[in-house]
Amino acid sequence: MTDTVLFQAFVYLCAAVVCVPIAKRLGLGAVLGYLVAGVLVGPNVLGAIGGEGKHVMHFAEFGVVMMLFVVGLELQPALLWRLRRSILGLGGLQVAASAAVIAAGALALGVPWRAALAVGLIMAMSSTAIVLSTLAERGQLKTGGGQAAFAVLLFQDIAVIPILAVFPLLGVAEVKAGADAGRPAWMTALLVIGAVGGVVAAGRFVVRPAFQFLATVRLRESFIAAALLIVVAIALLMEQVGLSPALGTFVAGVVLAESEYRHELEADLEPFKGLLLGLFFISVGAQIDFPLIARAPGTIAGIVVGAMALKLGVLWLAGRMFGLDRPARWLLAFALAQVGEFAFVLIKFGTDSKIFDGAIAGPLVAAVAISMLLTPLLFVVLERWVLPAVTVDTSDARPQDAVAHDDAAVVLAGHGRFGQIVARLLRSAGFRCTILDLDPEIVDVVRRLGSKVYYGDASRIDLLHAAGCAHAKLFVVAIDDAEQATEIVKTVREHFPRLPIFARARDRIHYYELRKLGVAVARRELFGSAVELATEALRALGLRGHTAHRMARRWRDHEERALEDMAAMWARDEARTNLFARLRQALEEAERIMRDEDPRV
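This one's a predicted model, so the numbers in the text were calculated from it and none came from an experiment.

Novice: I keep staring at the overall build of the chain and nothing clicks. Help me out?
Specialist: Tallying secondary structure elements over the chain gives 26 helices and six strands in all. Going through the 601 residues of the chain one by one, you find that 49% of them count as buried. For the chain, the exposed area adds up to about 29,000 Å²; of that, 63% sits on carbon and sulfur atoms.

Below, the structure written as C-alpha cells:
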C-alpha cells in the first residue's frame with residue numbers, strides 16, 4: 001500500500017497541510033514549512049517517503065519551470081532591458097567571483113584542481129525556486145535588492161548551459177549523452193538559436209490568435225489546458241536542444257507579458273505552480289541524508305558555513321560595486337547565499353563526467369540541501385535584525401517629520417499632481433487635511449505656500465496613528481505608485497477598519513484590486529480629463545455642444561456601471577475568461593448606447 005500513488009499523494013498533502021500553516025503562523029514562511037515537512041516524512045525520520053522521492057523530484061522541478069513562466073509574464077521587455085546591466089554585470093561578477101573563491105577554498109583543503117573548479121561552479125548557483133518564492137511572499141521582489149537578486153538568478157540559469165558544456169572537459173573521461181550526443185557543435189548552436197527564436201515567434205504570432213479563438217468558446221478548461229500546453233511544449237523543446245526548460249519558459253512569459261491574456265494565464269497557472277513548487281520543496285527536504293551528516297557533521301557544517309559565508313561576502317561586495325544602497329546589498333547577499341536546485345543536476349553530471357567521486361558528491365548533496373533549508377531562516381534574521389540595523393542610520397537622509405494632526409477630517413497620502421487638486425478643493429471647502437508625502441522637494445515647496453504637509457512614509461503604522469487616522473473621517477490615497485498605494489490601503493484597512501478610504505487607481509486592474517480590498521471610492525488616472533478631451537473631439541467632428549456632452553455623460557455612466565460589475569467579478573475571483581467576456585459585452589453595450597444618442601442615426 002505504501003508504494004501506491006494514492007498513498008504517496010496522501011503523505012505529501014498531509015505533510016504540507018500540517019507544517020506549512022504552522023510555519024506561516026510562526027512567521028517563518030511557507031517555504032521553510034515545506035522543507036520541514038519533507039524532512040519529517042523523509043526516509044531518515046518517519047520513513048513515509050523512500051527512494052521514490054528522487055523520482056518525485058523530477059516531476060516537482062516542473063514547478064520551477066512554471067514559476068519562471070509566471071515571473072516572465074510579469075516582466076515587460078522594457079524592464080529586462082533596464083536590468084541588462086544587473087543581469088550581465090552583477091550576475092556575471094557573482095558567478096565568476098563566487099566560483100573562484102570557493103574553488104580556491106577547496107584547493108586549500110587538498111581537493112584536485114579539476115574537482116575544485118567544478119565544486120566552485122556548483123556552489124556558485126543559488127535557488128531560483130526558494131528565493132523568488134520567498135521574495136514574492138514577503139513583498140520584496142520589486143524592491144531594488146529584489147530586482148538585483150532576480151537579475152543574478154536569471155544569469156545563473158543562463159550560466160548553467162556553458163557550465164554543463166565545460167564539465168566533460170574537466171572530466172577524466174569524455175562523456176557524451178542526451179540530446180547532444182553525436183551532434184556537431186555548430187548544429188547544436190543553430191538549434192539553440194532556432195528554438196529561442198521559435199518561442200518568440202510562436203508567442204507573438206500563434207499563441208495570441210489561439211487565445212482569441214479560445215476566448216470565444218468561453219470555456220475555462222480550454223484556457224487552462226492551453227496554458228499548460230504552452231509550458232509543457234516549451235519545456236520539452238528546450239530539453240531537446242540542451243537548454244534549461246526554466247529559461248525557455250521564462251522567455252515565453254516575457255514575450256506574452258504585453259498580451260491582453262497575461263492575467264488569465266497567470267491566474268490559470270497559479271494553483272499548479274504553487275502545488276508543484278510545494279512538492280519540490282518537500283522533495284528537497286526529504287533528500288537530506290542525515291546518516292551521512294551524523295558520520296561527518298564537521299565536514300558538512302564546514303562546507304555549508306564556508307560556502308554561504310563566501311557567497312554572502314561576494315554578493316555584498318558586488319552589490320556595493322554596482323551602487324546598491326545598504327538595505328538592497330544586504331537583501332541581495334542574504335537572499336542568494338544558499339546553493340540552488342541546479343546544484344543537484346550539476347553534482348550528478350560531475351560524477352558522470354568522472355570529475356569527482358561519491359566521497360565528494362555525497363557531502364555536497366547534503367550541504368546543498370541544508371543550505372536551502374537555512375534560507376528562510378536567513379530571511380528571518382535579515383528582516384528582524386540586519387535590515388533594521390542598516391536602515392536606522394539615516395544620517396544622509398532626511399528624518400521623518402513629527403506629525404501634529406490637529407483633528408483634521410482628512411488624512412491624504414501623496415501631494416503630487418493628483419493629490420494637490422484633492423487637497424486644494426477640500427481646503428477651499430473648509431476641511432482641514434493632514435498630508436503625508438515622501439518627496440522632500442514637494443514638502444518644502446508646499447510648505448512655502450502655507451499648507452501643512454509632512455515628510456513621511458504613509459505605510460508606517462506609527463505615522464498613521466500620529467497623523468490622526470484613528471479620529472479622521474476619511475483617508476485618501478493619491479500616490480502614483482500602484483503597488484505602494486495597494487500596500488498603504490492594506491495597512492489602513494487592517495489597522496483602521498472603520499476609516500473610509502478613497503484612492504487613486506492607476507488602471508483597471510489596480511481599480512479592481514482596490515475595490516477588492518474594500519476601498520469605498522476609487523478613481524482612475526486621466527479618466528476624467530480623457531472624457532473631457534473626447535467630448536471636445538466630438539464637437540470638433542460636427543456634433544452640437546449639448547449633444548456631445550449628453551453622449552459623453554451617457555457613456556461615462558455606462559462605463560462606471562460596467563467597471564463596478566467587473567470589480568465585483570474580480571472580488572469573487574471568478575474566471576478571468578468571464579471577465580474579458582463581460583468587458584467585450586460592455587464595449588458592445590456602449591456602442592449601442594451611443595448609437596441611440598446619436599441624432600445622425
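Novice: What is the right way to look at the nonpolar core in this model?
Specialist: Considering soluble globular proteins, one finds that nonpolar side chains tend to be buried as a cluster. The biggest cluster of nonpolar side chains holds 133 residues, and the ones touching the most others in it are Met123, Phe167, Phe211, Phe281, Leu332, Leu336 and Phe356. At 14 residues, the largest contribution of residues to this core is made by helix H18 (residues 358-392). Ignoring any residue separated from it by four or fewer positions in sequence, one finds Phe281 in contact with Val31, Tyr34, Leu35, Ala129, Ile130 and Ser133.

Novice: Quick question: what am I supposed to make of the packing of aromatic side chains here?
Specialist: How two aromatic rings sit relative to each other is set out by the distance from centre to centre and by the angle between their planes. Going through the model one piece at a time under the given rule, you end up with seven aromatic pairs. Relative to Phe250, the ring of Phe150 has its centre 5.7 Å away and its plane inclined at 50°; by these criteria the two rings are tilted. On the criterion of sequence distance, the pair formed by Phe150 in helix H9 (residues 144-170) and Phe250 in helix H12 (residues 245-255) is long-range, its members being 100 residues apart. You'll find Phe150 and Phe250 in the same group, each marked buried. When the ring of Tyr511 is compared with that of Tyr512, the centres are 6.4 Å apart and the planes differ by 80°; the resulting orientation is edge-to-face.

Novice: I would appreciate a short explanation of the pattern of salt bridges in the present structure.
Specialist: Should their charged atoms come close, side chains of opposite charge can pair. Inspection of every chain in the model, using the stated rule, returns six salt bridges. In this structure, Arg515 engages Glu564 in a salt bridge whose closest nitrogen and oxygen atoms are separated by 2.8 Å. In this pair, Arg515 is assigned in helix H23 (residues 508-516) and Glu564 in helix H25 (residues 545-571), connecting sequence segments 49 residues apart. If you follow the salt bridges from partner to partner, you end up with Arg508, Arg524 and Glu559 in one network.

Novice: I keep staring at the side chain of Ser86 and nothing clicks. Help me out?
Specialist: Position of Ser86 among the secondary structure elements: in helix H6 (residues 84-108). Overall, Ser86 belongs to the buried group, its relative accessible area being 19%.

Novice: What should I look at first to understand the environment of Val390 in this one?
Specialist: Looking at the element boundaries, Val390 is found in helix H18. Look at Val390 and you get buried, because its relative accessible area is 10%. Along the primary structure Val390 and Trp330 are separated by 60 residues, whereas in three dimensions their C-alpha atoms are 8.5 Å apart.

Novice: What should I look at first to understand the confidence of the model for the chain in this one?
Specialist: Detailed reading of the predicted coordinates is not advisable wherever pLDDT is low. The predicted model of the chain has a mean per-residue pLDDT of 81, with 87% of residues at 70 or higher. Note that pLDDT drops below 50 for residues 173-179; the model gives that stretch 10 contacts with residues more than four away or on any other chain.

Novice: Please clarify how the packing of helix H4 (residues 62-73) against helix H13 (residues 262-286) should be interpreted in this entry.
Specialist: Each pair of packed helices can be described by the angle between their axes along with the distance between the axes. For the pair H4 and H13, the least separation of the axes is 8 Å and the interaxial angle reads 150°. What the angle tells us is that H4 and H13 run roughly antiparallel. Here H4 runs over H13; the crossing is left-handed. Contact residues: H4 offers Phe62, Gly63, Val64, Met66, Met67, Phe69, Val70 and Leu73, while H13 offers Arg262, Leu265, Glu266, Leu269, Glu270, Phe272, Lys273, Leu276, Leu277 and Phe280.

Novice: Could you clarify how one ought to interpret the pairing of strand S6 (residues 521-524) in this entry?
Specialist: For a regular strand, side-chain orientation follows a simple rule: the groups alternate between the two sheet faces. A one-sided burial pattern is seen for S6, the buried positions being Ala522 and Arg524 and the unburied ones Val521 and Arg523. Regarding topology, H23 serves as the crossover connection from strand S5 (residues 501-505) to the parallel S6, and that connection is right-handed.

Novice: What exactly am I supposed to notice about the pairing of strand S2 (residues 433-437) here?
Specialist: Among the five residues of S2, five are classified as buried, and the element is accordingly described as predominantly covered. Alternating residues of S2 divide into Cys433, Ile435 and Asp437 and Thr434 and Leu436, and every residue in both groups is buried. The pairing of strand S1 (residues 410-413) with S2 spans four bridges and is parallel. What sits directly across from Val410, in S2, is Cys433. Regarding the hand of the β-α-β motif, the stretch spanning S1, helix H19 (residues 419-428) and S2 is right-handed. Taken together, the three bridges between S2 and strand S3 (residues 453-455) define a ladder with parallel strand orientation. From the neighbouring strand, Ile435 faces S3, where its bridge partner is Val453.

Novice: Teacher, can you tell me more about the environment of Leu474 here?
Specialist: Here Leu474 is to be found in strand S4 (residues 474-477). In the structure, Leu474 is positioned 28 residues away from Phe502 in sequence and 7.5 Å away in space, judged by C-alpha atoms. Setting aside residues up to four positions removed in sequence, Leu474 forms contacts with Ala409, Val410, Val411, Leu499, Pro500 and Phe502.

Novice: Would you mind showing me how to read the packing of H6 against helix H7 (residues 113-123) here?
Specialist: Between H6 and H7, the least distance of the axes is 7 Å, while the angle of their chain directions is 140°. It follows that H6 is oblique to H7 by the angle criterion. In this structure, H6 meets H7 at a crossing whose hand is right-handed. Facing Ala99, Ile102, Ala103, Ala106 and Leu107 of H6, the residues of H7 in contact are Trp113, Ala116, Leu117, Val119, Gly120, Leu121 and Met123.

Novice: What is the right way to look at the sheet that holds S1 in this model?
Specialist: Note on sheets: strands pair through backbone hydrogen bonds, and any given pair is parallel or antiparallel. Pairing is parallel across the open sheet formed by six strands, whose spatial order is S3-S2-S1-S4-S5-S6. With one partner strand each, in any of the chains shown, S3 and S6 form the two edges of the open sheet. When strand polarity is set aside, the average angle formed by the axes of neighbouring strands in this sheet is 20°. Looking at chain direction, S1 and S4 are connected through four bridges and run parallel. Across the sheet, Val411 pairs through a bridge with Phe475, a residue of S4.

Novice: Whenever I open this one, unusual backbone geometry confuses me. Can you help?
Specialist: Excluding glycine, residues mostly have negative phi values, and the peptide bonds linking residues are mostly trans. Even without a glycine there, the phi angle at Lys354 is positive, about 65°. In this structure, Lys354 sits in the loop between helix H17 (342-352) and H18. With a phi angle near 70°, Leu526 is a residue other than glycine that sits in the positive phi range. Relative to the elements of secondary structure, Leu526 occurs in the loop between S6 and helix H24 (527-540). Take Leu526: its relative accessible area is 64%, and that puts it in the exposed class.

Novice: Whenever I open this one, a nonpolar patch on the surface confuses me. Can you help?
Specialist: Residues Val36, Leu40, Val45, Leu46 and Phe290 make up a contiguous nonpolar surface patch of roughly 410 Å² in combined accessible area. Summarising the element assignment, Val36 is placed in helix H2 (residues 30-41).

Novice: So what exactly am I meant to see when it comes to H4 here?
Specialist: Because each turn of an α-helix spans 3.6 residues, side chains separated by three or four positions end up pointing in the same direction. Taking 1.5 Å as the rise per residue, H4 with 12 residues should run 16 Å; its terminal C-alpha atoms sit 17 Å apart, in good agreement. Within H4, 12 of the 12 residues are buried, leaving the element largely enclosed by the surrounding structure. Where H4 is concerned, the buried positions are Phe62, Gly63, Val64, Val65, Met66, Met67, Leu68, Phe69, Val70, Val71, Gly72 and Leu73.

The rules behind these values
Within each chain, residue numbers correspond to sequence positions counted from 1 in written order. With pLDDT at 70 or above as the cut-off, local features in this predicted model cover only qualifying residues; side-chain atom pairs require 80 or more to be listed or tallied, and sums for whole chains, interfaces and linings still use all residues. As a rule here, side-chain values cover all heavy atoms of the structure and leave hydrogens and water aside. Strands are runs of DSSP state E lasting at least two residues, helices are runs of H or I lasting at least four, and both sets are numbered from the N terminus onward. Think of it in three bands: with a 1.4 Å probe and only protein chains considered, a residue is buried below 20% of the maximum accessible area for its type, exposed above 50%, and partly exposed in between. Values of accessible area rely on a 1.4 Å probe in the Shrake-Rupley scheme; residue burial ignores everything except the protein chains shown. Put simply, a nonpolar core is a bunch of buried Ala, Val, Leu, Ile, Met, Phe, Trp, Tyr and Cys residues held in one set by side-chain atoms that sit within 4.5 Å of each other. In this description, contact between two residues means that some pair of their heavy atoms is separated by no more than 4.5 Å. Classification of ring pairs rests on two measures: the distance between centres of Phe, Tyr or Trp rings, Trp counted by its six-membered ring, which must be within 6.5 Å, and the angle between planes, read as stacked under 30 degrees, edge-to-face over 60 and tilted in between. The salt bridge definition used is simple: a Lys or Arg side-chain nitrogen within 4 Å of an Asp or Glu carboxyl oxygen. pLDDT is a per-residue confidence score from the predictor, ranging from 0 to 100. Helix axes use the C-alpha atoms of the stretch in contact, all axes being lines fitted to C-alpha atoms, and the angles between their N-to-C directions lie in the range 0 to 180 degrees. Convention used here: angles under 35 degrees read as roughly parallel, angles over 145 as roughly antiparallel, angles from 65 to 115 as roughly perpendicular, and any remaining angle as oblique. We call a crossing left-handed when the near helix sits turned anticlockwise from the far one by less than a right angle, and right-handed when that turn is clockwise. Think of it like this: strands point away, you trace from the first strand over the helix to the second, and a clockwise trace means the crossover is right-handed. Strand pairing follows a simple DSSP-based rule, namely that at least 2 bridges must link the two strands. Exposure above 30% relative accessible area and the absence of a salt bridge qualify a residue for a patch, where like charges join within 9 Å and nonpolar side chains (Val, Leu, Ile, Met, Phe, Trp, Tyr) within 5 Å. The span expected for a helix works out to 1.5 Å for each residue beyond the first.

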